[in-house]
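Each chain is listed here by its residues.
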Amino acid sequence: MKRLEQLKNSGNKAFVAYIMAGDGGLDRLKEQVQYLQGAGVTAIEIGIPFSDPVADGPTIEAAGNRALKHGVTLQKVLEEMKSWTFQVEIPLLVMTYLNPVLKFGVERFASECSKAGVSAVIIPDLPYEHKELVQPHIDKEGIKLIQLVTLTTTDVRLADILSGAEGFVYAVTVKGITGSRDEMSEDVKAFMRKVREKSPVPVYAGFGISKSSHVDMLRDDVDGFIVGSAIVEAFNDNRIQEIEPLISAVTATHSV
Amino acid sequence: MTKVKICGLKEEQHVKAAERADAIGFVFAPSKRQVTIEQATELAKHIPVDTDKIGVFVNASLEQIEDAIARVPLTMVQLHGDEPDELVGAIQVPVIQAFSIRTKEDADQLKKSIADYVLVDAPGTDYRGGSGKVFDWSLLDGADIDPSRLIVAGGLKPENVHAAIMQTTPYMVDVSSGVETDGRKDTAKIQEFIKQVKDDSMEQTIEKVGFFGKYGGQFVPETLMKAVKELEDAYNEVKEDPEFQKEYHHYLSEYVGREQPLTFAQRMTESLGGPKIYLKREDLNHTGAHKVNNAIGQALLAMRMGKRKIVAETGAGQHGVATATICALFDLECVIFMGEEDIKRQQLNVFRMKLLGARVESVTKGSATLKDAVNEALRYWVSNVEDTHYLIGSALGPHPFPTMVRDFQSVIGEETKRQILEKEGRLPDAILACVGGGSNAIGMFYPFIKDKDVQLIGVEAAGQGVDTDRHAATLTKGTEGVLHGAMMKLLQDDAGQVQEAHSISAGLDYPGIGPEHAYLADIGRVEYRSITDKEALDAVISMSRLEGIIPALESAHAIAEAEKQAKTMTADQILVICVSGRGDKDMATYAEKLEGLS
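Observations concerning the pairing of strand S15 (residues 309-314) of chain B
All names here are of chain B.
Moving on, step 1. Along S15, 5 of the 6 residues are buried, which leaves the element largely enclosed by surrounding structure.
Moving on, step 2. Note that S15 and strand S16 (residues 333-339) share 6 bridges and pair parallel. Looking at the pairing, Thr314 lines up with Met338 of S16.
Moving on, step 3. In this fold, S15 hands off to helix H12 (residues 318-330), which returns the chain to S16; that crossover is right-handed.
Moving on, step 4. As defined by bridge partners, S15 adjoins strand S18 (residues 388-390) across 3 bridges and the pair is classed as parallel. Its bridge partner being in S18, Lys309 is matched across the sheet by Thr388.

Focus on the pattern of salt bridges
When their charged atoms lie close together, side chains carrying opposite charge are able to pair.
Moving on, step 1. In total, this model carries 54 salt bridges over all chains according to the counting rule given.
Moving on, step 2. The salt bridge partner of Glu129(A) is Lys229(B), with a shortest N-O separation of 3.6 Å. With Glu129(A) in the loop between strand S4 (118-122) and helix H7 (135-140) and Lys229(B) in helix H8 (residues 222-239), the pair connects residues from two separate chains.
Moving on, step 3. Under the relative-accessibility criterion, Glu129(A) is labelled buried at 14%.
Moving on, step 4. Classification of Lys229(B) as partly exposed rests on a relative accessible area of 23%.
Moving on, step 5. Lys477(B) is paired through a salt bridge with Asp467(B); the nearest N and O atoms lie 3.3 Å apart.

Some words on the sheet that holds strand S25 (residues 574-579) of chain B
Residue and element names in this part refer to chain B.
Moving on, step 1. Taken in spatial order, the 6 strands of this open sheet run S13-S14-S25-S19-S20-S24, and their pairing is mixed. Unpaired on one side and paired on the other, strand S13 (262-264) and strand S24 (526-532) mark the two borders of the sheet. In this sheet, adjacent strand axes meet at a mean angle of 25 degrees when their direction is disregarded.
Moving on, step 2. Alignment of strand S19 (residues 430-434) against strand S20 (residues 455-463), held across 5 bridges, turns out to be parallel. Residue Cys434 lies in a different strand from S20, and its bridge partner there is Val459.
Moving on, step 3. The sheet contacts of helix H22 (residues 553-566) involve S19, S20, S24 and S25, and relative to S19 the element is tilted by about 150 degrees.

Quick word on the interface of chain B and chain A
Moving on, step 1. Chain B puts 39 residues into the contact, and the matching count from chain A is 35 residues.
Moving on, step 2. Here chain B packs against chain A, burying approximately 3,100 Å² in sum over the two surfaces, 57% of which is carbon and sulfur.
Moving on, step 3. Among the residues of chain B in contact with chain A, Glu222(B), Arg379(B) and Gln497(B) are the three that bury the most area, contributing 23% of the side total.
Moving on, step 4. For the pair chain B and chain A, the number of links is 5 salt bridges.
Moving on, step 5. Arg157(A) is the salt-bridge partner of Glu222(B), the closest N and O atoms lying 2.8 Å from each other.

Topic: helix H20 (residues 515-522) of chain B
Moving on, step 1. H20(B) sits mainly inside the fold: 6 of its 8 residues count as buried.
Moving on, step 2. Of all the positions in H20(B), only Pro515(B), Glu516(B), His517(B), Ala518(B), Tyr519(B) and Leu520(B) are classed as buried.

Regarding the environment of Ile96(B)
All names here are of chain B.
Moving on, step 1. Topologically, Ile96 is positioned in strand S5 (residues 95-100).
Moving on, step 2. As a C-alpha pair, Ile96 and Ser530 span 434 residues in sequence and 34 Å in three-dimensional space.
Moving on, step 3. Here Ile96 is in contact with Ile54, Met76, Val77, Gln78, Leu79, Ala115, Tyr117, Val118, Leu119 and Ile151, once residues within four sequence places are set aside.

Here we look at the nonpolar core
Moving on, step 1. With 191 residues, the main nonpolar core has Ile46(A) and Trp381(B) as its most contacted residues.
Moving on, step 2. Apart from residues lying up to four places away in sequence, Trp381(B) is in contact with Leu224(B), Ala227(B), Val228(B), Val311(B), Thr388(B), His389(B), Tyr390(B) and Phe401(B).
Moving on, step 3. In this structure, Ala18(B), Ile65(B), Val93(B) and Ile165(B) belong to the second largest nonpolar core, which totals 51 residues.

Regarding the pairing of S20(B)
Residue and element names in this part refer to chain B.
Moving on, step 1. Among the 9 residues that make up S20, 8 are buried, leaving the element largely enclosed by the rest of the structure.
Moving on, step 2. Crossover connection from S19 via helix H18 (residues 439-445) to parallel S20: handedness right-handed.
Moving on, step 3. Where S20 meets S24, 7 bridges bridge the pair, whose relative direction is parallel. Paired with Leu456 across the bridge in S24 is Val526.

Describing the environment of Ala518(B)
All names here are of chain B.
Moving on, step 1. Along the chain, Ala518 falls in helix H20.
Moving on, step 2. We classify Ala518 as buried; its relative accessible area is 0%.
Moving on, step 3. Sequence-wise, Ala518 and Thr479 are 39 residues apart; in three dimensions their C-alpha atoms are separated by 9.7 Å.
Moving on, step 4. Filtering out sequence-adjacent residues up to four positions away, Ala518 remains in contact with Tyr215, Leu475, Lys489 and Ile513.

A word on unusual backbone geometry
All names here are of chain B.
Moving on, step 1. Geometrically, the link from Val72 to Pro73 is a cis peptide bond, its omega value of -15 degrees lying close to zero.
Moving on, step 2. Within the fold, Pro73 resides in the loop between helix H3 (62-71) and strand S4 (76-79).
Moving on, step 3. In this chain, Arg258 is followed by Glu259 through a cis amide linkage whose omega measures 5 degrees.
Moving on, step 4. Mapping Glu259 onto the fold places it in the loop between helix H9 (242-256) and S13.

What to know about the packing of aromatic side chains
Moving on, step 1. Within the structure shown, the criterion is met by 15 aromatic pairs over all chains.
Moving on, step 2. Note on Tyr35(A) and Phe235(A): the rings are 6.4 Å apart at their centroids and 75 degrees apart in plane angle, and the pair reads as edge-to-face. Taken together, the residues Tyr35(A) in helix H2 (residues 28-38) and Phe235(A) in helix H11 (residues 229-236) connect sequence positions 200 residues apart.
Moving on, step 3. Among the residues examined, Tyr35(A) registers a relative accessible area of 25% and is labelled partly exposed.
Moving on, step 4. Arg108(A) extends its terminal NZ or CZ atom over the ring of Phe104(A), reaching a point 3.8 Å from the ring centre.
Moving on, step 5. Sitting above the plane of the Phe264(B) ring, Lys276(B) keeps its charged end 5.4 Å from the centroid.

Parameters and conventions
Residues numbered from 1 in each chain as written. Chains lettered and ligands numbered in written order. Predicted model: local features only at pLDDT ≥ 70, side-chain atom pairs only at ≥ 80, totals over all residues. Heavy atoms only, no water. Buried < 20%, exposed > 50% of the residue type's maximum accessible area, 1.4 Å probe, protein only. Helix = DSSP H or I, 4+ residues; strand = E, 2+ residues; numbered from the N terminus. Pairing = 2+ DSSP bridges. Right-handed = clockwise from strand over helix to strand, strands pointing away. Salt bridge = Lys/Arg side-chain N within 4 Å of Asp/Glu carboxyl O. Axes fitted to C-alpha atoms, helices over the stretch in contact; angles between N-to-C directions. Contact = heavy atoms within 4.5 Å. Buried area = accessible area lost by both parts, 1.4 Å probe. Core = buried A, V, L, I, M, F, W, Y, C linked by side-chain atoms within 4.5 Å. Phe/Tyr/Trp six-rings, centres within 6.5 Å; stacked < 30°, edge-to-face > 60°. Lys NZ or Arg CZ within 6 Å of the ring centre and 35° of its normal.

No statement about biological role is implied by the geometric values presented.
Below, the structure is given as structure tokens:
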């Protein structure tokens, strides 16, 4: 995860790709990771399917349901990742709801993630107040817990969350759930500037980033972008090549 | 946060002073603080329900210990003698084993204990069970003892407890002589000691607020945290506000038609030949069920917060109808999410909601029942949180919902208590209520929680049987997990995926249970049983024909279990059933399932 810090210092933007593990079968995960790595993404978030994904929109929920039909579980995903022999050159993150982690056992989750080469985890329904359920266990393994901040996060909370932030901060660009949007509201820019000013770690914008125009609008106010629904959809429709321009739009070195 | 145990209490005033403690210790072994089981039983009546009651023994027999557990009752046992592992293992409640620590070798002994918790103390002098001498906490350094099972005692007092916690980060601290003056407990010192631990704890573990034991919490996406916190603040404010309470009760009486009778069910009583049976008539509420009690309370709160848009989920449609009704009354915009499966089962209620001006959104995802409707309502709330209140219908969801819904439904139990005292001059022996998410049950039970002689029974839906995969018996078959913002008990598979529930009654068709119920089940205060679809349908017929009351399918579960329970009771006893709703909404199901009825 140090690399993300270096990237920020170099002034280049990060592109974090989200994929739903096991959408189309778990054997596809490896090729998807390899593909995205080859396409130049900065890091990959591997989503674990969950029966009740309340923070996700229809695209990712549908992908999760397809994965569940393939019998994909947290354990199987981590086993799959452990079996990989190709060179993983970028940070891999796991994004999962809390319940599968609790059922798996938090301590075991931390050690298995470590063995699977996971650098950080994102748990969208584990708010800052309850992070001690997980944090001490992953700390032992040197894995980061990525915090989310949103437009509705109050200033007092924001200061608390940012003071303990590690890896990067996931800044939610819309008030709603994940999914592609046509517009990006103007107050998002101001919010991003505020977060970035206070954050000790890079700030990435996510939830609803699907177009180069979104990237252009926020480029100067964030350190990177997280793209989920657009990638999940593209993989599902077998047209992932169409995402490449978006990746380049983010990662290309820009001269101002 | 480190817990506090106040040990060696003998007087009621000191038990009351220790109200904020997490555990109270009664010493049954020879000591100047010794109490009899009878004394402990009396004192225990003044201890809050979620406080552990711990009996301290020295080389007592298993029979003596079990007797005390049953009679006081005790929730934990603490052993100070040379009890063998067989005895420790045979005790049914969690066990604390105490060790006197003089040397590093003594500290090593701790690790071998098979007890749930180990207590470290300075060596005793005259009596076993601790002497109050200061124990050298540094002896524990490097002993590699799991702090989550460590209890520290020995010479603690308000002035040094903070340092002891800093050094040992224990699960609990235990004090006795440190809160005494001249050998007698001292109210001010007890309170100061608790304050030192509670208000000054540096451990940032889970906040106790919003939890029932380990259940509850606020497990929601960050987007909702602001709304949940605002709701928490707003609710704390109105809870104490007499104006709000007046307004709420005004609508309960003038609009809902409260108070509802506690009807003596004469023919049912005669037919079963057991206890006197009373029915709490929530079926008589405007809109036909208890749900409206909560809908009014939350709608008034939403308006106080300046929110005029309401989103809600519904299973059987009773909560949806109640919410749509109240939104019409107060001119609020209303969106109701309802599973497609439930829409089919509850056509009449869907039409009622529409007639009342609500928008009904069909949910086709997952099992297309209540769980999925909650998911969609939560998503809608996430996207519209600034101007919308989520009017949750059961004692579920992130804090403060479970507490708030319970409080708004407690009118059921409060009325019942007053009415039974008027009619019978005493409290009932048993109370039954059906449990899906658990709102009518918690509202009925809550005012009776501290009345230990009243047996409380929650009745879940066993669907086609708890040994099939088609049931909704969460407490009978479920395990701990997080769903819809709270830690609770869930029907889930080995991978932590939430499973579909099944019940003929849409209102009980939920794979979780409110966090307070999960807690009450754990501590054994409420017993949870289950009733199958078929048994519930049979109870619909018997209640209709014996009392002229056609109950809702949900309520029929409580009635069916009451029929069984009554057979174990005698004529001088009293049983109360919460008839949470009327059967109008279920007529299509009754007509279909009971076809050919003669």
